[in-house]
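The residues making up each chain are set out below.
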Amino acid sequence: MFGNHIDQLVAPAARHKVPTVYPWCEFTAAGCLVNYRSSIPDAYRQIGIYTGQILKGAKPAELPVQRPTKLRLVFNLKAAKALGLDVPPPYSPADEVIE
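Residues numbered from 1 in each chain as written. Predicted model: local features only at pLDDT ≥ 70, side-chain atom pairs only at ≥ 80, totals over all residues. Heavy atoms only, no water.

Participant: How would you explain the pairing of strand β3 (residues 71-76) if you had to name every residue and give the values?
Facilitator: Across five bridges, strand β2 (residues 34-38) lies against β3 in antiparallel orientation. When the bridges of β3 are listed, Arg37 appears paired with Arg72. Pairing of β3 with strand β4 (residues 96-98), which is carried by three bridges, proceeds in the parallel orientation. Bridged to Val74 within β4 is Glu96. (Pairing = 2+ DSSP bridges. Helix = DSSP H or I, 4+ residues; strand = E, 2+ residues; numbered from the N terminus.)

Participant: Which residues make up unusual backbone geometry, and what values do they have?
Facilitator: One non-glycine residue, Lys17, adopts positive backbone phi at about 55°. If you trace the backbone, Lys17 turns up in the loop between α1 (6-15) and β1 (21-22). Since its relative accessible area comes to 52%, Lys17 is described here as exposed. (Buried < 20%, exposed > 50% of the residue type's maximum accessible area, 1.4 Å probe, protein only.)

Participant: Report on the side chain of Asn35, specifying residues and quantitative values.
Facilitator: The residue Asn35 is located in strand β2 in this model. For Asn35, a relative accessible area of 0% puts it in the buried group. Within the local environment of Asn35, its side chain forms a polar contact with the backbone oxygen of Pro23, the two atoms lying 3.4 Å apart. Setting aside residues no more than four positions away along its own chain, Asn35 makes contact with Tyr22, Pro23, Trp24, Cys25, Thr28, Arg72, Leu73 and Val74. (Polar contact = N/O pair within 3.5 Å; in protein donor to acceptor, adjacent residues only side chain to side chain. Contact = heavy atoms within 4.5 Å.)

Below, the structure written as structure tokens:
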């Protein structure tokens, strides 16, 4: 979505030592502290289920609104150290840790 501009978006926050949270994992790899978002494959699966129900005759207005059931947490230890944050292990809630 942001192409080659991710580093330009993350750099000012890092320079001013501002912890950041973004919903895209590319930002965490570029230096963002935390990425917290719903599972993309799970969202596509839910879209498929809704589409199937509509194709079988269900009225879209009558389908329930559903929240994501799977969330993904990515933590960047390198960014934490640059911000002066001491994060002790274990990182149990994190799905991925960038060191």
